[in-house]
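The chain contents come next:
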Amino acid sequence: MAVQEGVAPEAKTGGEGTVHRLKPNAIGLLGVVFMAVATAAPITAMTGNVPFMVSSGNGIGAPASYLVAMVVLAIFSIGFTSMAKHITSTGAFYGFISYGLGRTAGLASGLLATFAYVVFEPALIGIFSVFATTTLEDQTGLHIPWWTFAILMLAVNAMGTWFGVSVAEKVLVVLLATEVTILAAMAISVALHGGGPNGFTFGPINPVNAFQGTSAGLGLFFAFWSWVGFESTAMYGEESRNPKKIIPKATMISVLGVGVFYVFVSWMAIIGNGEKEAVAAASSANPLALFFNPTEQYVGHWAVVVMQWLMITGSLACGMAFHNCAARYMYALGREGVLPSLKKTIGRTHARHGSPHIAGLVQTIVSAVLIAAFWIAGKDPYAGLYVLLAILGTMAILVVQAVCSFAVLAYFRTHHPESRHWFKTFVAPLVGGVAMLAVVVLLVSNMGVAAGTESGSLVLKATPWLVALVAAVGIGYAQYLKRRDPSRYALIGRTVLEETKER
């Protein structure tokens, strides 16, 4: 089935040459925002990243690094959303890059993005299991092996995708609301008490301090890491109402809303302790004291107990969101029939729920295999499973984000002259692309420190090579199809549903 560029055949529910579809109009603006913010996992980003940034990165300048990252990602998003107004596809980066830089670059990027989201889920299952095991033991004295919680999260994630995005949305709304509330309670309480023992100090939000400290590069990398997944707004376009308006809005709300929240909460945590005391707390045997201390002092002990439980549910929400992302990327690659067998498997949707149920099941199996491999190797679920796979996935997705920026530049050179704008479609994607490449360099140069006790791991050493290998497979297979099967090559990255054609 050959497809002309920008033209989509009629969508049907079965039969040769047709595609299965995701359920349309299943999610609104707030739903898309919640799904995207869930991948950022605010409570995990704050309690998991900020103490490390303060102790080993840019010190008290951690909030400033979030400010810098927010500005860069907002600039990137301007170009990203300009393209989202014209192309809507559950493949997001896969479709965007295919239209902007061609099918070969599109398939390579699609595989990289899929690879990233595939490994993010088991990474989050690792940190979820650690939070669940330690919290349960601390508060009840009951010890349960971490792999028990890993199995539980695998099951929850699988069910969430099977029953459709609207079910996942409802679960994530509750989980996100609670974790945001407890972090906000701590931050607002500090602010209302006059800013901690030394009052309000503005050093933590001075942009200059983002480039100070033990390792400014490490701090900035962790700041960008805290946003990974915000771009997932685009992959819910097919299931959203009026995606041409919703997706751009949801993306900017996610970037700016999360950014302001990160800056405020990390700032209040630091001044709530006192600047010197904050560094000491983050460097202590219990780095979570950076958040627990001001929460205990300004809100109450009950809030610390609640925060510990919400660290569990927050990582659960994040893992569930990544599971949905991975399933949709698999589905996007499968339904186009680049490999004919995939069209009849992961390219199918549930007859009742309109969900990518088979792709979701495949993602669950892959996650289970990866978790089992790390368990058999005797790796710690945090230092091994979470840290190593998070670094691997982050490198892959940052490369794709950089390529997507340049795809926006190329796309608007030849398409939609009415939408061209010197800043939105030229300067913003150019600056965003260069900035993303700089973040990739930051990651590569700080991988060893970020990996901590796993700095000598073979997985870490292989990370850049694995990313390059996945990209090379995509490029090689696309070139193979171009020469041997042009009709299937023509399908790469081309949307195939009426709602998702180029607009």
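The rules behind these values
Residues numbered from 1 in each chain as written. Predicted model: local features only at pLDDT ≥ 70, side-chain atom pairs only at ≥ 80, totals over all residues. Heavy atoms only, no water. Helix = DSSP H or I, 4+ residues; strand = E, 2+ residues; numbered from the N terminus. Buried < 20%, exposed > 50% of the residue type's maximum accessible area, 1.4 Å probe, protein only. Contact = heavy atoms within 4.5 Å. Areas by Shrake-Rupley, 256 points an atom, 1.4 Å probe, with all protein chains shown as cover. 1 Å grid on protein atoms, 1.4 Å probe; cavity = no way out; pocket = protein on both sides within 12 Å on 5 of 7 lines; lining within 4 Å. Points joined across faces, edges and corners; volume = space filled by probe spheres on them. Patch = residues over 30% accessible without salt bridge, like charges linked within 9 Å, V, L, I, M, F, W, Y side chains within 5 Å. Salt bridge = Lys/Arg side-chain N within 4 Å of Asp/Glu carboxyl O. Lys, Arg positive; Asp, Glu negative; His and termini not counted. Charge placed at Lys NZ, Arg CZ, Asp CG, Glu CD. Core = buried A, V, L, I, M, F, W, Y, C linked by side-chain atoms within 4.5 Å. pLDDT = per-residue confidence, 0-100. Expected span 1.5 Å × (residues − 1). Phe/Tyr/Trp six-rings, centres within 6.5 Å; stacked < 30°, edge-to-face > 60°. Nonpolar A, V, L, I, M, F, W, Y, C, P; charged D, E, K, R; others polar. Axes fitted to C-alpha atoms, helices over the stretch in contact; angles between N-to-C directions. Parallel < 35°, antiparallel > 145°, perpendicular 65-115°, else oblique. Left-handed = near helix turned anticlockwise from the far one by under 90°.

(A) The overall build of the chain, seen in detail. The secondary structure content of the chain amounts to 18 helices and 0 strands. Burial status across the chain gives 61% buried among its 503 residues. Contacts in the chain between residues at least 24 apart in sequence constitute 82% of all its contacts with a sequence separation of at least 6. Total accessible area on the chain stands at roughly 18200 Å², and carbon and sulfur atoms take up 68% of it.

(B) Layout of helix 11 (residues 289–298). In terms of burial, helix 11 is largely enclosed, as 7 of its 10 residues are buried. Backbone geometry just after helix 11 places Gly300 at a positive phi near 135 degrees.

(C) Highlighting the environment of Thr135. Mapped onto the secondary structure, Thr135 falls in helix 5 (residues 103–140). According to the relative accessible area criterion, Thr135 is buried, its value standing at 5%. The spatial distance from the C-alpha of Thr135 to the C-alpha of Ile312 is 8.4 Å, given a sequence separation of 177 residues. Dropping the residues within four chain positions of it, Thr135 is found in contact with Gln308, Trp309 and Ile312.

(D) A look at empty space enclosed by the protein. This structure, assessed with the given rule, holds 4 cavities of 30 Å³ or more. Taken together, 16 residues line the largest cavity, and the ones lying closest to its centre are Thr39, Leu124, Trp225, Cys318 and Tyr386.

(E) A look at a positive patch on the surface. Residues Lys85, Lys244, Lys245, Lys249 and Lys424 make up a contiguous surface patch of positive charge. Per-element tally for the positive patch: the top contributor is helix 9 (residues 243–273), with 3 residues. Positionally, Lys85 belongs in the loop between helix 3 (62–84) and helix 4 (93–101).

(F) Geometry of the pattern of salt bridges. Applying the stated criterion across every chain yields a total of 2 salt bridges. We note a salt bridge from Asp485 to Arg488, for which the minimum N-O separation is 2.7 Å. In terms of burial, Asp485 and Arg488 fall into one category: buried.

(G) How the structure looks around a nonpolar patch on the surface. On the surface, Trp147, Ile151, Trp375 and Ile376 cluster together into a nonpolar patch covering about 480 Å² of accessible area. Elements that contribute at least two residues to the nonpolar patch include exactly helix 6 (146–162) and helix 14 (357–376). Along the chain, the position of Ile151 falls in helix 6.

(H) The arrangement of the environment of Val118 in detail. Assignment of secondary structure puts Val118 in helix 5. With relative accessibility at 11%, the residue Val118 sits in the buried group. Val118 sits 209 residues away from Ala327 along the chain, and the two C-alpha atoms are 8.3 Å apart. Ignoring anything within four residues of it in the chain, the contact list for Val118 reads Ala326, Met330, Gln363, Val366 and Ser367.

(I) Just the nonpolar core, in detail. In this structure, Trp227 and Phe291 are the most contacted members of the largest nonpolar core, which totals 154 residues. Of the residues forming this core, the biggest block, 20 residues, is contributed by helix 12 (residues 301–335). Residues contacting Trp227, with those up to four places away along its chain left out, are Tyr66, Ala69, Met70, Leu73, Ser254, Val255, Val258, Gly259 and Tyr262.

(J) The arrangement of the confidence of the model for the chain in detail. Chain-level pLDDT for the chain is 85 on average; 88% of the residues reach the 70-or-more range. Note that pLDDT drops below 50 for residues 1–18; the model gives that stretch 33 contacts with residues more than four away or on any other chain.

(K) Quick peek at helix 1 (residues 29–40). Relative to the 16 Å expected for 12 residues at 1.5 Å per residue, helix 1 spans 17 Å between its end C-alpha atoms, a close match to the ideal helical length. Here helix 1 lies mainly inside the structure; 9 of its 12 residues are buried. Residues Gly31, Val32, Val33, Met35, Ala36, Val37, Ala38, Thr39 and Ala40 constitute the buried set of helix 1. A positive phi of about 50 degrees marks Ala41, the residue just after helix 1.

(L) A look at the packing of aromatic side chains. Evaluated as defined, the whole model comprises 22 aromatic pairs. Each member of the aromatic cluster is reached from another via a ring pair, and the members are Phe52, Phe221, Phe222, Trp225, Tyr382 and Tyr386.

(M) Expanded view of the layout of surface pockets. Estimates place the volume of the largest pocket at around 700 Å³. Lining the largest pocket are 32 residues, with Thr47, Gly48, Pro287, Leu288 and Tyr382 positioned closest to its centre. For the lining of the largest pocket, the secondary structure elements donating two or more residues are helix 2 (42–56), helix 5, helix 8 (216–225), helix 12, helix 15 (381–414) and helix 16 (423–451). In terms of residue class, the lining of the largest pocket is built from 20 nonpolar, 10 polar and 2 charged.

(N) Geometry of the packing of helix 3 against helix 8. At their nearest, the axes of helix 3 and helix 8 sit 9 Å apart, and the two run at 55 degrees to each other. Considered as vectors, helix 3 and helix 8 are oriented oblique to each other. In terms of crossing hand, the pair formed by helix 3 and helix 8 is right-handed. Between helix 3, through Ser65, Tyr66, Val68, Ala69, Val72 and Leu73, and helix 8, the contact on the second element is made entirely by Gly219, Leu220, Ala223 and Phe224. Across the contact of helix 3 with helix 8, the residue classes tally to 8 nonpolar, 2 polar and no charged.

(O) Spotlight on the packing of helix 15 against helix 17 (residues 458–484). In the contact formed by helix 15 and helix 17, the axes pass within 10 Å of each other and the chain directions differ by 20 degrees. The angle between helix 15 and helix 17 places the two elements in the roughly parallel class. In this structure, helix 15 crosses over helix 17, and the sense of that crossing is right-handed. Of the residues in helix 17, those touching helix 15 at Leu388, Ile391, Leu392, Met395 and Ala396 are Val459, Leu460, Thr463, Pro464, Leu466 and Val467. A per-class count over the contact of helix 15 with helix 17 returns 10 nonpolar, 1 polar and no charged.

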